[in-house]
Amino acid sequence: MNTPGVLSFTQQAWEQVLAKAKRAVVYLDAACAESLHWGCGSSRLLEAVGSPACYLREFEPAAVGGGAEQPKAVFVLSSLLKGRIVETLRDIICRSHFQYCVVVTAVNHAVHLTANHVPAAAAAELEGQQPVFEQLEEKLCEWMGNMNYTAEVLHIPLLLAPVAPHLALTPAFASLFPLLPRDVHILNSARPDRRRLGSLAEVDATALTPELLLQIRCLVSGLSSLCEHLGVREECFAVGSLSRIIAADLANFAPAKNRRKTATGRASVVFVDRTLDLTGAVGHHGDNLVEKILAVLPRLPGHTNDVMVNMVELTALQAEEENQNVVVPGCLAQSNDPAAKALWEALLNTKHKEAVMEVRRHLVEAASRENLPIKMSMGRVTPGQLMSYIQLFKNNLKSLGNHCGLLQLGLATVQTLKHPQTAKWDNFLAFERLLLQNIGESTMSVVLNQLLPMIKPLNQRTNDDYSPEELLVLLLYIYSVSGECSVDKDLGEGEEKVKKALAQVFCEESELSPLLQKITGCDSSINLTFHKSKSAVDELFTSLRDIAGARNLMKQFKSVYVPGNHTHQASYKPLLKQVVEEIFNPEKPDPVDIEHMSSGLTDLLKTGFSMFMKVSRPHPSDHPLLILFVVGGVTVSEAKMIKDLVPSLKPGTQVIVLSTRLLKPLNIPELLFVTDRLHPDLGF
């Protein structure tokens with residue numbers, strides 16, 4: 001096997017599941033299905049099941065049970081086995097004829113003890129025992145109706161969806177997002193006056209809600225298993241308040257203590273809060289084809305990181321809208337097709353123009369290998385040209401089967417290039433560049449006044465104008481890149497004009513999008529009064545002010561804006577780039593904003609002695625492997641930038657980028673304005 005990495009970690013975990021799956025009805029939840037999708041593909045699971053009937057089902061309360069000829073079930077779950085999850089298990093099993101049940105959870109037993117309020121000291125005494133799993137095994141037999149039937153409950157760390165060798169995501173934690181100052185007010189409402197928190201800097205694990213704390217512990221459980229697979233003892237670092245809590249939890253995670261003693265490798269794990277730089281998440285400066293594909297094509301149902309590719313063009317059906325749901329959609333993940341996987345990784349790592357040329361090259365080579373009548377044409381690649389190559393495969397079933405993955409990526413490219421939203425990408429980019437120049441020369445109120453004419457009600461909008469959701473993206477860009485600015489009369493007036501215009505636009509929508517429904521609390525524009533709309537917009541601006549002040553707690557990473565001068569235009573410098581450059585600063589100063597999280601007495605002594613003796617503090621550049629975890633999502637361009645930057649600053653250093661999800665600009669308003677960050681739904 002190659003050097004251990006995110007792909008081998010995921011595949012090894014799935015091999016353990018596949019070993020249990022023979023002739024079983026397999027129930028998966030959405031996060032595990034996404035891990036399978038990117039890690040080894042559903043075809044591997046179907047092969048392992050080995051039955052001609054389709055035995056894969058979604059784990060949900062209404063799921064079909066197993067019939068008399070289906071005696072075995074495997075449940076593959078990303079969550080804790082508690083509450084509604086256990087109730088759903090019971091309901092499915094009680095209406096089935098199972099005699100053998102295997103329940104796989106991605107969360108280890110130690111976290112189940114925490115979730116069941118077992119004190120740390122008592123949990124330590126249970127080392128090697130799994131009472132929570134054993135009790136559930138008894139319950140499974142009870143629900144199957146015979147205590148002599150077989151039940152197994154086991155932990156397999158199905159944490160990651162590996163998108164590329166350098167990039168993996170955590171689908172079960174797609175909604176995990178750093179806290180904002182407004183969340184501190186909510187936390188304070190449940191605390192006595194003398195214990196009120198002054199700012200995000202004072203938020204520690206003890207201040208969080210039980211649900212968020214458990215969500216973090218579940219994530220830490222998976223990350224600890226990853227470090228075990230990689231064979232490393234990790235040093236944990238953090239940039240940002242939620243990252244600090246996650247890093248401290250991993251550093252002090254009790255089950256990790258023993259494995260660290262025997263680990264031969266070393267790694268630095270650096271967690272970074274997404275909220276410190278939303279400019280990169282909502283901006284359009286990433287010159288990357290995959291980013292555009294993710295932004296314009298519809299999401300694959302049940303997934304957070306893949307899209308639906310319309311495959312009708314490869315069938316005899318007319319390419320009418322009603323036929324789009326007749327044919328199963330294609331997607332981007334091609335885990336079992338080496339040629340398509342090679343193209344996918346090339347698309348992730350090249351600029352837009354080169355990526356489109358790479359798609360053409362792969363299509364031409366595939367058509368040549370199949371002896372299809374290809375007409376070569378050089379020069380600029382057009383969607384029509386790519387489509388003509390794809391159509392060659394249409395009536396050749398063998399060729400279609402041989403190159404199915406490549407054709408899905410080809411069609412994704414064509415559909416993105418032809419999509420009206422792709423043309424708008426350049427409009428966004430032009431406006432963002434203009435903003436960067438104006439921010440340095442004008443006050444925030446002037447910048448907001450420039451946005452005002454662009455806020456148009458539905459009856460005045462053309463295809464080139466911005467929808468309400470897109471206006472929120474532009475506002476997020478403005479506030480994130482500007483940082484905190486002094487609130488004066490002009491800014492108050494400028495904001496009020498934008499608020500009123502935006503509230504009016506919300507009211508005049510013929511149909512409220514799902515995002516606007518959640519923001520306004522109304523399911524229809526008929527029920528949306530101006531007063532309701534204005535209240536919702538006021539709330540949005542509270543969050544925008546929070547985002548503008550997100551870097552206030554930083555001493556070094558205070559800005560992502562680089563002012564222009566007589567030789568250079570003003571520009572945006574990603575916070576992730578600043579963090580990586582600081583990690584590998586050749587001077588190796590003690591990091592100011594990259595906090596080290598101690599994992600016990602030895603580390604604390606080192607830190608203490610270093611104040612008056614020559615004891616070197618742990619530094620994130622000390623080790624040959626850097627794992628950078630962006631809490632709240634990462635873009636394809638950011639992952640590529642980190643992958644390219646690290647070896648250029650310190651050759652020989654390996655880097656893995658982890659994040660909760662792949663981001664497109666419209667994800668951020670949802671995560672920021674709608675998601676309940678303090679009370680995640682853990683299924684119980």
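All residue numbers refer to position in the chain's written sequence, counted from 1. Side-chain atom pairs in this predicted model are given and counted only at pLDDT of 80 or more, local residue features only at pLDDT of at least 70, and totals for whole chains, interfaces and linings cover all residues. Excluding hydrogens and water, the side-chain figures rest on all heavy atoms present in the structure.

For the protein chain, the name recorded in an unreviewed UniProt entry is Sec1 family domain containing 2, with Capra hircus as its organism. UniProt positions are given in the numbering used here, feature names are shortened, and annotations may be inferred rather than shown by experiment. Taken from UniProt, the Sequence similarities (unreviewed entry) comment for the protein chain reads in full: "Belongs to the STXBP/unc-18/SEC1 family."

### Some remarks on the overall build of the protein chain
Scanning the protein chain from N- to C-terminus turns up 28 helices and 14 strands. Just to be clear, the radius of gyration here is over C-alpha atoms, and the globule rule we use is 2.2 Å times residues to the power 0.38. Against the 2.2 N^0.38 benchmark of 26 Å for 684 residues, the protein chain shows a C-alpha radius of gyration of 26 Å, consistent with a compact globule. Exposure categories follow from relative accessible area, calculated using a 1.4 Å probe and restricted to protein chains: below 20% of the type maximum is buried, above 50% is exposed, and the middle band is partly exposed. Counting over 684 residues, the protein chain shows a buried share of 55%. Counted over contacts in the protein chain with a minimum sequence separation of 6, partners at least 24 positions apart contribute 77%. Only carbon and sulfur atoms are counted for the fraction: they give 53% of the accessible area of the protein chain, which is about 29,700 Å². In this tally Asp and Glu are treated as negative and Lys and Arg as positive; neither His nor the chain ends contributes. Note on charges: their place is set at NZ of Lys, CZ of Arg, CG of Asp or CD of Glu. Measuring between centres, the 65 positive side-chain charges of the protein chain sit 3 Å from its 73 negative side-chain charges. The way it works is that DSSP assigns letters per residue, a run of H or I at least four long becomes a helix, a run of E at least two long becomes a strand, and they are numbered from the N terminus. We call two residues contacting when some pair of their heavy atoms lies within 4.5 Å. Every accessible area reported is derived by Shrake-Rupley at a probe size of 1.4 Å, with residue values counting cover from the shown protein chains alone.

### Looking at the pattern of salt bridges
By definition, a salt bridge exists where a carboxyl oxygen of Asp or Glu is found within 4 Å of a side-chain nitrogen of Lys or Arg. Throughout the structure, instances matching the rule amount to 30 salt bridges. Where arginine 196 meets aspartate 193, a salt bridge forms, and the shortest distance between an N and an O atom there is 3.2 Å. Residue arginine 196 is classed as partly exposed on the basis of its relative accessible area, which comes to 42%. Overall, the relative accessible area of 61% leaves aspartate 193 in the exposed class. We note a salt bridge from arginine 217 to aspartate 249, for which the minimum N-O separation is 2.7 Å. Note that arginine 217 is positioned in helix H9 (residues 210-230) and aspartate 249 in helix H10 (residues 241-251), a separation of 32 residues in sequence.

### Remarks on the packing of helix H15 (residues 352-369) against helix H18 (residues 404-418)
In this description, a line fitted to the C-alpha atoms serves as the axis of each element, helices being fitted only across the stretch in contact, and the angle between N-to-C directions of two axes falls anywhere from 0 to 180 degrees. Close contact between H15 and H18 brings their axes to 10 Å; oriented N to C, the two are set at 140°. On the basis of their axis angle, the class for H15 and H18 is oblique. Note that H15 runs across H18; the crossing there is left-handed. Contacts between H15 and H18 pair His352, Val356, Val359, His362, Leu363 and Ala366 from the former with Leu406, Leu407, Gly410, Thr413 and Leu417 from the latter. Each residue is assigned to one of three groups, with Ala, Val, Leu, Ile, Met, Phe, Trp, Tyr, Cys and Pro labelled nonpolar, Asp, Glu, Lys and Arg labelled charged, and all others, Gly among them, labelled polar. Taken together, the residues of the contact of H15 with H18 break down into 7 nonpolar, 4 polar and no charged. Angular relationships are summarised with four words: roughly parallel below 35 degrees, roughly antiparallel beyond 145, roughly perpendicular across 65 to 115, and oblique for the angles in between. In this scheme, a crossing is called left-handed if the near helix is turned counterclockwise away from the far one by less than a right angle; it is called right-handed if the turn is clockwise.

### Here's the deal with the packing of aromatic side chains
The criterion for an aromatic pair is that two Phe, Tyr or Trp rings (for Trp, the six-membered ring) have centres within 6.5 Å, with stacked assigned to planes under 30 degrees apart, edge-to-face to planes over 60 apart and tilted to the rest. Applying the stated criterion across every chain yields a total of 7 aromatic pairs. Here tryptophan 38 and tryptophan 344 contribute two aromatic rings whose centre-to-centre distance is 5.7 Å and whose plane-to-plane angle is 40°, an arrangement assigned as tilted. Of the two residues, tryptophan 38 is situated in helix H2 (residues 30-39) and tryptophan 344 in helix H14 (residues 338-349); the sequence distance between them amounts to 306 residues. Judged by relative accessible area, tryptophan 344 falls into the buried class, the value being 4%. Ring geometry for phenylalanine 428 versus tyrosine 466: centroids 4.9 Å apart, planes at 65°, classification edge-to-face. Here tyrosine 466 lies in the loop between helix H20 (444-451) and helix H21 (468-482) and phenylalanine 428 lies in helix H19 (residues 420-441), a separation of 38 residues in the sequence. Put simply, the rings of Tyr27, Phe59, Phe75 and Phe98 touch in pairs and so form one group of aromatic residues.

### Description of empty space enclosed by the protein
Whether a set of points on the 1 Å grid over the protein atoms alone is a cavity depends on a 1.4 Å probe fitting there but being unable to get out, while an open set qualifies as a pocket with protein on both sides within 12 Å along at least five of seven lines; lining residues are those with an atom within 4 Å of a point. Grid points are joined across faces, edges and corners, and a volume is the space filled by probe spheres set on the points. The full count for this structure, using the stated rule, is 3 cavities of 30 Å³ or more. One number sums up the size of the largest cavity: a volume of about 60 Å³. Forming the walls of the largest cavity are Ser78, Ala106, Val107, Leu158, Leu159, Ala172, Phe173, Cys218 and Gly222. When its residues are assigned to classes, the lining of the largest cavity shows 7 nonpolar, 2 polar and no charged. An automatic or database domain assignment is the source of the domain bounds shown. Among the domains, domain 1 (6-158) and domain 2 (159-277 + 574-683) are the pair contributing at least three residues each to the lining of the largest cavity.

### Examining the pairing of strand S8 (residues 232-239)
The element S8 is extensively covered by neighbouring structure, given that 7 of its 8 residues are classed as buried. A strand pair is defined by DSSP finding two or more bridges across the two strands. Where S8 meets strand S9 (residues 265-273), 8 bridges bridge the pair, whose relative direction is parallel. If you follow glutamate 235 over to S9, its bridge partner there is serine 268. Two elements, S8 and strand S12 (residues 595-597), share 3 bridges in a ladder whose sense is antiparallel. What sits directly across from phenylalanine 237, in S12, is histidine 596.

### Here we look at the sheet that holds S9
Read from one edge of the open sheet, 7 strands run S6-S7-S14-S13-S9-S8-S12, paired in mixed fashion. Strands at the two margins of the open sheet, each flanked by one partner only, are strand S6 (161-164) and S12. Taking each pair of neighbouring strands and ignoring which way they run, the sheet shows an average axis angle of 25°. Pairing of S9 with strand S13 (residues 625-631) involves 7 bridges; the strand directions are parallel. Looking across to S13, one finds that valine 270 is bridged to leucine 628.

### Considerations on the sheet that holds strand S5 (residues 150-155)
Pairing is parallel in the open sheet, where 5 strands are placed in the order S2-S1-S3-S4-S5. The sheet terminates laterally at strand S2 (56-58) and S5, the two strands that pair on one side only. When strand polarity is set aside, the average angle formed by the axes of neighbouring strands in this sheet is 15°. Against the sheet, helix H3 (residues 42-49) touches strand S1 (25-28) and S2, its axis set at about 125° to S2.

### Quick word on the packing of helix H13 (residues 289-296) against H18
Two elements in contact, H13 and H18, have axes separated by 9 Å at closest approach and are oriented at 75°. Classed by the angle they form, the pair H13 and H18 counts as roughly perpendicular. Where H13 approaches H18, its residues Leu289, Lys292, Ile293 and Val296 are matched on the opposing element by Ala412, Thr413 and Thr416. The residue inventory of the contact of H13 with H18, partitioned by class, reads 4 nonpolar, 2 polar and 1 charged.

### A look at unusual backbone geometry
Phi is positive for asparagine 371, close to 55°, though the residue is something other than glycine. By secondary structure assignment, the location of asparagine 371 is in the loop between H15 and helix H16 (383-391).

### Some points on the side chain of glutamine 437
In this fold, glutamine 437 is placed in helix H19. Pairing of N or O atoms within 3.5 Å defines a polar contact, subject to two protein rules: one partner must be a possible hydrogen donor and the other a possible acceptor, and residues neighboring in sequence count only if both atoms are side-chain atoms. A distance of 3.1 Å separates the side chain of glutamine 437 from the backbone nitrogen of alanine 570, its partner in a polar contact. If we skip the residues at most four places from it in the chain, glutamine 437 touches Tyr561, Gln569 and Ala570.

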